[in-house]
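Observations on the three-dimensional arrangement
Below, each chain spelled out in residue letters.
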Amino acid sequence: MTLLKPGATIEMAHGGGGMATTRLIREIFAPHFANPLLAQAHDATRIDAPSGRLVMTTDAHVISPLEFPGGDIGSLSVHGTINDIAMGGARPIALSAAFILEEGLPLAVLNRIAASMGAAARHAGVPIATADTKVVERGHGDGIYITTTGLGIVPEGVHIAPTNIAPDMAILVSGTLGDHGVAILSQRQGLHFGTTITSDSAALHHMVADMVAAVPSIACLRDPTRGGLSATLNELAEAASVQMLLQESALPIRPEVAGACELLGLDPLHIANEGKLICICPPEHAQTLLTIMRRHPEGQNAAQIGTTGPRAAPGTPGLLRMTTLIGGTRVVDWLAGEQLPRIC
Amino acid sequence: MKYVSEFRDPALAQSLARAIAREADPARSYAFMEFCGGHTHAIFRYGVQDLVPANVRFIHGPGCPVCVLPMRRLDDALELAEAQGVILASYADMLRVPGSGRRSMLTARAGGADIRMVYSTLDALQIARDNPTREVVFMGIGFETTTPASAMAILAAQREGLANFSLFCNHVLTPPAIAHVLSAPGIDPAQAVHLDGFLGPSHVSTVIGAAAYRPLVELYAKPVVIAGFEPLDVLQSVLMLIRQVNEGRAEVENQYARVVTEQGNTKAQAMMDQVFTLRDSFEWRGLGAVPHSARAIRPAYAAFDAEARFALTPKQSRETKSCECPAILRGVKQPKDCKLFGKACTPETPMGACMVSSEGSCAAYYTYRRAETMAAMEAAA
């Protein structure tokens, strides 16, 4: 390790394609990402894929702060893309990663993030098969941007899509809502509140594999990331043209998250999650799926939170409603723009 | 969650709902104004309307700070940030509010103005300390809840000699606005809103105290029940209002006694009096000019008064013509009576401030009752 001197930072030369680039790859990325696919050391990596239906997804990650309680941009970029593949009911087989690094980024930070990313991929059993790095001038980026792309294989007999959602199905969630968003908020500049909340960032594909193996007739899976539960369910209600009804009393929300949201005037249903899934399934399978989810650490707090209602009028999106704690009803809407805290 | 979940208990809510249904006289109707946007929000978020009989109606009041701010004051703030190059610090609710030409703090920021969202005046003071070569203006807005924090910021800036900090003061008072709604000066009596009582504000009352409403109740003979923000608080306060109406009483009652005292927070009051004086008159969106309804910074603190420090150009700010926010803020119309609602005006493309703030009526109807509201509009058309 000669690059990682105290105070060393990313310089424009690290993106120039010359010796500095090679050293950056050899000394920082290669040791953390090491796997047989990457060892081919080719411009394009050959993957011996099993036959069947492939899924492919890509996700750009631009989070601030780069490191937060419960994760960092590196582990998040692995989990996010694996989860997008898993939400198709698929088994992830490989990832690619593209880095945009800002001049001046401390190499120690990059090294920590690369280590965390490599560990997340190893833990998930999904290799980073190929990667690329570019450097932009200081002021043209926010430290690190990471784009990951993933490939996966859909098992025989599994067909997961929003259009499968039909009336009278069960709506399940794999655990507590809003943990990731509140953990990030607690670290943001200008908002320092003491909290023990950590991000839920996690890969869900092992849990999903067990779920689809037991219940291939799962209608739809979706991870409620940006926009939270409300955006995700509204998207599904619109795509399937079906009404949905939630029970507020059934929503799993940690008291710390609920408390932070009360203080800041935010709604936990609009807050991002990075290690949770929503599952919509025929009602007779709800209990089986909840039991399977609860066997996994990522699904310990799984719960049924509602049901789908009748079809919406032709050509109109379904509406998401909720029976409130006190027994009233209300619409649960998409978030307009950014969620902004209230004055008082 | 201690002190929160207890006030959302479903069984207690149902028992209060039964008491309201039992005691509300079916031969008459009850129109109660919740003055404060925080109550509007709670009523919609928990579906409180579903738990009371149809003859008990909530009329939404003007207690939404960003909703009642006239467009000219926002245009002034945008001028400070854009033309005068200050760092403008603001509470987040203001950021999306449309000014003239549908410009907002967010669009100004995207255009290069230095506008920062803060959670408290302490953050604004810190920005001033961190940027000694820049002018930092805090957009002071809100009722008595946020006013003491602005007063404290000026006192802190004076103590520290923080010469680059100033306040753009838009703080308003609750009692004169209630009096204005009740007296409806210059409004045809047939057009005036009929009210049977008020749900008094929660947080404002912690500062001004229950005593602040007594002169109003004596003058206008309308009951006021100071209510907490949780759904059980609202239901219990409605029951207390119904009892007052049924018994022909008009008193100030304090449902939110766990926080609100008779005299309020006298320290905060003293600080406000030290720093601020009353303006002779202030323009409210919806209400028009209301005498003695807003605060100005006392001359002794003029060094921290953005209006004294910066020469603002006079403006002809005009509200969007067909926007019904003004009538909605007076309680005379409902969002469904505005033809822009849900069509030209949505939280993403707001034409008026009531669609922006989470305390605004239009935003509450849009977010929580859109389907019913749009259906009512179609039926009316």
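These numbers come from a predicted model, not from an experiment.

1. Concerning the overall build of chain A
- Helix and strand counts for chain A stand at 8 helices and 13 strands.
- The C-alpha radius of gyration of chain A comes to 21 Å, within 12% of the 20 Å expected for a compact globule of 344 residues.
- With the C-alpha coordinates of chain A rotated into their principal frame, the extents come out at 65 × 55 × 40 Å.
- Relative to its 344 residues, chain A shows a buried fraction of 47%.
- Sequence-distant contacts, at least 24 apart, represent 85% of the contacts inside chain A between residues at least 6 apart.

2. Some details on the overall build of chain B
- Scanning chain B from N- to C-terminus turns up 15 helices and 13 strands.
- On C-alpha atoms alone, chain B measures out to a radius of gyration of 21 Å, which is about the 21 Å that the 2.2 N^0.38 rule sets for 381 residues.
- With the principal axes as the frame, chain B shows a C-alpha extent of 65 × 50 × 45 Å.
- Evaluated residue by residue, chain B yields a buried proportion of 52% over its 381 residues.
- Pairs at least 24 apart in sequence give 78% of the contacts found in chain B among residues at least 6 apart.

3. Observations regarding the domain arrangement of chain A
All names here are of chain A.
- According to the domain assignment, chain A contains domain 1 (12–154) and domain 2 (162–331).
- Here the C-alpha centre of domain 2 lies 28 Å away from the C-alpha centre of domain 1.
- Put simply, the parts of the chain that give the side of domain 1 that touches domain 2 at least two residues each are α2 (73–86) and β4 (91–102).
- The dominant element in the side of domain 1 that touches domain 2, judged by the number of residues it contributes, is α2, at 9 residues.
- Taken together, the residues of the side of domain 1 that touches domain 2 sort by class into 12 nonpolar, 7 polar and 1 charged.

4. Quick look at the domain arrangement of chain B
Residue and element names in this part refer to chain B.
- The domains assigned to chain B are domain 1 (5–63 + 176–254), domain 2 (67–174 + 264–309) and domain 3 (325–380).
- Taking only C-alpha atoms, the centre of domain 1 and the centre of domain 3 are 21 Å apart.
- Between domain 1 and domain 3, the contact holds 14 residues from the first and 12 residues from the second.
- At the level of secondary structure, the elements contributing two or more residues to the side of domain 1 that touches domain 3 comprise α2 (37–45) and β2 (56–63).
- In terms of residue count, the dominant contributor to the side of domain 1 that touches domain 3 is α2 (6 residues).

5. Considerations on unusual backbone geometry
- Between A:Ser64 and A:Pro65 the backbone carries a cis peptide bond, its omega angle lying at 0°.
- Its location among the elements puts A:Pro65 in the loop between β1 (53–61) and β2 (67–68).

6. Observations regarding the interface of chain B and chain A
- Contact residues are listed per partner, giving 38 residues for chain B and 24 residues for chain A.
- Broken down by element, the residue count for the side of chain B that touches chain A peaks at 5 residues, all from helix α15 (residues 361–380) of chain B.
- Partitioning the side of chain B that touches chain A into residue classes produces 19 nonpolar, 9 polar and 10 charged.

7. Structural notes on helix α1 (residues 19–33) of chain A
Residue and element names in this part refer to chain A.
- With 15 residues, α1 ought to run about 21 Å at 1.5 Å a step, and its terminal C-alpha atoms sit 20 Å apart, in line with that.
- Within α1, the axis deviates most sharply at Arg26, by approximately 35°.
- Residues of α1 that are buried include every one of Leu24, Ile28, Phe29 and Phe33, and no others.
- In this fold, the buried residues of α1 make contact with α3 (107–124) and β5 (128–136).

8. Structural notes on the nonpolar core
- A:Cys279, A:Ile280, B:Ile20, B:Leu88, B:Leu235, B:Val238 and B:Cys354 are the most contacted members of the largest nonpolar core, which has 221 residues in total.
- Looking at this core, the element that brings in the most residues is helix α11 (residues 231–246) of chain B, giving 9 residues.
- When near neighbours in sequence (up to four residues on either side) are disregarded, B:Val238 contacts B:Ile20, B:Phe32, B:Val52 and B:Val56.

9. A few points about the environment of B:Phe310
- Checked against the element boundaries, B:Phe310 lands in the loop between α13 (306–309) and α14 (325–329).
- Every residue in contact with B:Phe310, bar those within four places of it in the chain, is listed here: B:Leu80 and B:Gln84.

10. Observations regarding the environment of B:Leu312
All names here are of chain B.
- Following the sequence through the fold, Leu312 ends up in the loop between α13 and α14.
- Here the alpha-carbon distance between Leu312 and Asp76, two residues 236 residues apart in the chain, equals 6.6 Å.
- Among residues more than four places away in sequence, those in contact with Leu312 are Asp76, Glu79 and Glu307.

11. Focus on the sheet that holds strand β4 (residues 115–117) of chain B
Residues and elements named next belong to chain B.
- Read from one edge to the other, the open sheet built from 4 strands follows the order β4-β3-β5-β6, with strand pairing classed as parallel. Every other strand in the sheet has two partners, leaving β4 and β6 (165–171) as the edge strands with one partner each. Taking the axes of each pair of neighbouring strands and ignoring which way they run, one obtains an average angle of 25° across the sheet.
- Across 7 bridges, strand β5 (residues 136–142) lies against β6 in parallel orientation. Bridge pairing links Val137 to Ser166 in β6.
- Here helix α7 (residues 147–160) sits on the sheet in contact with β5 and β6, set at roughly 160° to β6.

12. Notes on the packing of α2(B) against α15(B)
Residue and element names in this part refer to chain B.
- Close contact between α2 and α15 brings their axes to 10 Å; oriented N to C, the two are set at 10°. By the angle class used here, α2 and α15 are roughly parallel. In this structure, α2 uses Thr40, His41, Phe44 and Arg45 to contact α15, whose residues at the interface are Ser361, Ala364, Tyr368 and Arg369.
- Of the residues belonging to the contact of α2 with α15, the class tally is 3 nonpolar, 3 polar and 2 charged.

Criteria and thresholds
- Residues numbered from 1 in each chain as written.
- Chains lettered and ligands numbered in written order.
- Predicted model: local features only at pLDDT ≥ 70, side-chain atom pairs only at ≥ 80, totals over all residues.
- Helix = DSSP H or I, 4+ residues; strand = E, 2+ residues; numbered from the N terminus.
- Rg over C-alpha atoms; globule rule 2.2 N^0.38 Å.
- Buried ≥ 20, exposed ≤ 12 C-beta atoms within 10 Å, placed from the backbone.
- Contact = placed C-beta atoms within 7 Å.
- Domains from an automatic or database assignment.
- Nonpolar A, V, L, I, M, F, W, Y, C, P; charged D, E, K, R; others polar.
- Expected span 1.5 Å × (residues − 1).
- Bend = angle between axes of the 7 residues up to and from the residue.
- Core = buried A, V, L, I, M, F, W, Y, C linked by C-beta atoms within 7 Å.
- Pairing = 2+ DSSP bridges.
- Axes fitted to C-alpha atoms, helices over the stretch in contact; angles between N-to-C directions.
- Parallel < 35°, antiparallel > 145°, perpendicular 65-115°, else oblique.

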